[in-house]
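Structure assessment
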Amino acid sequence: MQSSYKKDEVILLLKDISGMVEPLENSEREKRIQSGVHYSEMLPKEHLPSKEYRETFLKALTLYAAPTAKAVQLLCENILRKKGENVVLVSLARAGTPVGVLLKRYFRQTYGLDILHYTISIIRGKGIDKNAMNYILSRHQKEQIQFVDGWTGKGAIQNQLKEAMKDFPGVDDTVAVLSDPAYAAGICGTHEDFLIPSSCLNATVSGLISRTFYRFDIIGENDFHGAAYYREFEQDDLTETFLSAVEAQFGCDYAFSPQFETNLLPQEEIQNIKEQYQISDINFIKPGSGEATRVLLRRIPWKILVHSFDDDRYLGHIYQLAKEKQVELEIYPFKHYKACGLIRRLADT
């Protein structure tokens, strides 16, 4: 699988399906998803960010390179305590891959360790790529594996991973993330819902690879799950820009805010939103700044809930995207999150 990541920083266990699947605009994908087509059976038509949004991303990178670097440091230390120096990182494509690369760079710079890093596909509702798992397990001890992702929203991927690992007894079924506001991950850098800049863009901050794809007519019995390479975006790729900016902040003295004291669990907060806004399917609620950003980039949101209208530091990119896509913003008194995307069934609108 081709990508714009450095070849020695990640082994991509993905089948290259570039040119084999016609990408669809978000409006068409949303109709098909809500009619029963699984999201992994389609590729989204990706567009380059507007000039204004690109500038918003670069501003966010300036603001959040340091906290991202600090979360990488804290997560690396937690992984070392848990797994030791022989850990093998297995990031979950696509959002987990740049995080895995950052972890690999931190291990190398700080501890002189050359940690192996794979990336594989896991798909909500379909499970993990078993061929990729078997490939890794044929080369490494099961105790070495540490799964990596970017952040948690509701914890859906963590739940999917726990279910998937029933087929691989002895493999640690927890995921390591930079930000875990859902309190759902096995280990994390912080529970604070801070903006990880890579959540702001699609392929152009993810090695120019698409979301992962799984459809029987394209992915054979012995194939890895698929992904496409966006060659046409090579001149606009910001993957290394993001990675280098965070790497430059390794060792910084950034300190995360103390956790907000509340008796309300993240899952209860999500359930309250579901009831208040009459959302029929929990999968149509996308909590957290990262997930709210993703829903603006990849779905057709009905509304974005934010904790404030004037938090440009944390939510400036969401304000910009919502303006461009003409999506309503509404204030919500969050306890665990800073933003949440809401999708409604098209039949209800």
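Throughout what follows, the structure given in this document is the object of discussion. Remember, it's a predicted structure, so these values are computed and weren't measured experimentally.

Rules of the game
- Residues numbered from 1 in each chain as written.
- Predicted model: local features only at pLDDT ≥ 70, side-chain atom pairs only at ≥ 80, totals over all residues.
- Heavy atoms only, no water.
- Disulfide = S-S within 2.5 Å.
- Buried < 20%, exposed > 50% of the residue type's maximum accessible area, 1.4 Å probe, protein only.
- Helix = DSSP H or I, 4+ residues; strand = E, 2+ residues; numbered from the N terminus.
- Lys, Arg positive; Asp, Glu negative; His and termini not counted.
- Salt bridge = Lys/Arg side-chain N within 4 Å of Asp/Glu carboxyl O.
- Contact = heavy atoms within 4.5 Å.
- Polar contact = N/O pair within 3.5 Å; in protein donor to acceptor, adjacent residues only side chain to side chain.
- Core = buried A, V, L, I, M, F, W, Y, C linked by side-chain atoms within 4.5 Å.

Now for the state of the cysteines. Taken as a whole, this structure holds zero disulfides when the rule is applied. Just so you know, Cys-76 is unpaired, no disulfide at all, and the nearest cysteine sulfur is the one on Cys-252, 13 Å from it. On the basis of relative accessibility, which here comes to 0%, the residue Cys-76 falls in the buried class.

Once that is clear, we can look at the side chain of Arg-29. Tracing the sequence through the fold places Arg-29 in helix 1 (residues 26-34). We note that Arg-29 is buried and unpaired, the nearest opposite charge coming from Glu-30 at a distance of 6.2 Å. Those residues within four positions of Arg-29 in sequence are excluded, and the remaining contacts are Leu-24, Tyr-39, Met-42, Leu-43, Pro-44, Arg-211 and Arg-298.

Further remarks concern the environment of Ser-121. Here Ser-121 lies in strand 4 (residues 117-123). It is 29 Å that separates the C-alpha atoms of Ser-121 and Lys-274, two residues lying 153 residues apart in sequence. The contacts of Ser-121, once residues within four sequence positions are left out, are Leu-14, Gly-127, Ile-128, Asp-129, Thr-212 and His-225. A distance of 2.8 Å separates a polar atom in the side chain of Ser-121 from a polar atom in the side chain of His-225.

Moving on to the nonpolar core. Counting 74 residues, the largest nonpolar core has Ile-79, Leu-103 and Ile-273 as its most contacted members. Counting residues per element, this core draws most heavily on helix 2 (residues 51-83), at twelve residues. With near-sequence residues (within four places) excluded, Ile-273 lies in contact with Gln-278, Ile-285, Leu-305, Tyr-332, Phe-334, Cys-340 and Leu-342. Leu-13, Ile-136, Leu-161 and Val-177 belong to the second largest nonpolar core, which has 22 residues in total.

Another aspect to go through is the side chain of Ser-289. Here Ser-289 lies in helix 8 (residues 289-298). A polar atom in the side chain of Ser-289 sits 3.0 Å from the side chain of Asp-193. Not counting residues up to four positions away in its chain, the partners in contact with Ser-289 are Asp-193, Phe-194, Leu-195, His-317, Ile-318 and Ala-339.

Let's shift gears to unusual backbone geometry. Leave glycine aside and you will find that most residues have negative phi; peptide bonds, for their part, are mostly trans. Here the amide bond leading from Ala-93 into Arg-94 is cis, since omega sits at 10°, within 30 degrees of zero. Assignment of secondary structure puts Arg-94 in the loop between strand 3 (88-93) and helix 3 (96-111). The residue Leu-208 is not glycine, and still its phi comes out positive at about 65°. Looking at the secondary structure, you find Leu-208 in the loop between strand 8 (187-190) and strand 9 (226-227). A positive phi angle is found at Gln-278, which is not glycine, with a value near 50°. Within the secondary structure layout, Gln-278 lies in the loop between helix 7 (266-276) and strand 10 (285-287). Accessibility expressed as a relative area gives 64% for Gln-278, which makes it exposed.

Tallying each qualifying case throughout the model produces 20 salt bridges. Here Asp-172 ties to Lys-83 by a salt bridge, and the two come within 3.2 Å at their closest N and O atoms. Of this pair, Asp-172 sits in the loop between helix 5 (156-164) and strand 7 (175-179) while Lys-83 sits in helix 2; the two residues are 89 residues apart in sequence, bridging distant segments of the chain. Lys-83 shares its class with Asp-172; the two are buried.

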